[in-house]
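One letter stands for each residue in the lines below.
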Amino acid sequence: MSQSIVKFAVRDLNFHYGPKRALSGISMDIPAGRVTALIGPSGCGKSTFLRCLNRMNDRIPGTRVEGDILLDGANINDAETDVADLRRRVGLVFQKPNPFPQSIFDNVAFGPRALSLTDGQRLGDIVEQSLMDAALWDEVKDKLREPALDLALGQQQRVCLARVLAVQPEVILMDEPCSALDPIATLKIEELIARLKEKYTIVIVTHNMQQAARVSDLTGMFWLGELVEFDRTDRIFTRPSAQLTADYVTGRSG
Ligand SMILES: Nc1ncnc2c1ncn2[C@@H]1O[C@H](COP(=O)(O)OP(=O)(O)O)[C@@H](O)[C@H]1O
Ligand SMILES: [Mg+2]
């Protein structure tokens, strides 16, 4: 890993919801162009951590962040950070597919329109390219004006991914993106992740150990708000250094 470029450098990150501390002393270097998986039992802070990376927690009143999160070397919590631009660069795909109650086209065009990235002609090209990159174009090209919510769940999740891709992000965060999907739809997303990592940095939370082992290059094990271990995925699954990790990945705990 030593040669790879660090996309996110996280240093001594603490995060509080009011009086409750949800993350303690997290430090990790998330490499560019790789897939980093985050695992650990429910409630251990994985989603909170993911939301710290594009300041999605800002929306929750009473929260407090300490420590540094550097994206390409710049602290995202600095006062001068343009949060809208941060969220364009660092997109988030949620657990439950959440397309807007609009057409497929309008869902994918939403970001480019909001950011005035383009004129009408280019917008069509951006929507087509984003749907292609999300491996959905062939399935929807004849019904772009139909409601995204009429699609199957797995397709809806790929609309959400296309919506993120349409604003040319650098990092894609995924919070258990397959937990609402059937195995075939899950496989499609996993194949997509393998392709997308050539262009993007991906961080995925998953409770599915096989999925973490299949799709990721690095795995971080969270436990009660702390990062217990962070290493190459093959090591985490074959010879982890922490007993907590060993117990969790073999299903003895969590
Ligand atoms: N909006 C919130 N307000 C208060 N506490 C929260 C909020 N979201 C999460 N928490 C708490 O923070 C801890 C970590 O939650 P979360 O990041 O969702 O864990 P995970 O994704 O690993 O299941 C949990 O104790 C949870 O109850
Ligand atoms: Mg979660």
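Note that the coordinates shown come from a computational prediction; the quantities given were computed from them, not determined experimentally.

Counting secondary structure elements, the protein chain contains 10 helices and 10 strands. The C-alpha radius of gyration computed for the protein chain amounts to 18 Å, which stays within 12% of the reference 18 Å derived for 254 residues, consistent with globular compactness. The principal-axis extent of the C-alpha atoms belonging to the protein chain is close to 55 × 40 × 35 Å. Of all 254 residues assigned to the protein chain, the portion counted as buried reaches 41%. Counting contacts in the protein chain only where the partners sit at least 6 residues apart, residues at least 24 apart contribute 68% of the total.

What follows covers helix α7 (residues 183-196). In this model α7 runs 20 Å from its N-terminal to its C-terminal C-alpha over 14 residues, within 8% of the 20 Å that 1.5 Å per residue would give. Each element contacted by the buried residues of α7 is listed here: β3 (35-39), α6 (153-165), β8 (201-205) and α8 (209-215).

Strands sit in the order β6-β7-β8-β3-β9-β10 across an open sheet of six strands; the sheet is mixed. Since the sheet does not close on itself, it has two edges, and those belong to β6 (90-93) and β10 (226-232), each with one partner. Across the sheet, the mean angle from the axis of one strand to that of its neighbour is 15 degrees, orientation sign disregarded. Strand direction decides the pairing type here: strand β7 (residues 171-175) and β8, joined by five bridges, are parallel. Bridged to Leu-173 within β8 is Val-203.

About the cut-offs
Residues numbered from 1 in each chain as written. Chains lettered and ligands numbered in written order. Predicted model: local features only at pLDDT ≥ 70, side-chain atom pairs only at ≥ 80, totals over all residues. Helix = DSSP H or I, 4+ residues; strand = E, 2+ residues; numbered from the N terminus. Rg over C-alpha atoms; globule rule 2.2 N^0.38 Å. Buried ≥ 20, exposed ≤ 12 C-beta atoms within 10 Å, placed from the backbone. Contact = placed C-beta atoms within 7 Å. Expected span 1.5 Å × (residues − 1). Pairing = 2+ DSSP bridges. Axes fitted to C-alpha atoms, helices over the stretch in contact; angles between N-to-C directions.

No statement about biological role is implied by the geometric values presented.
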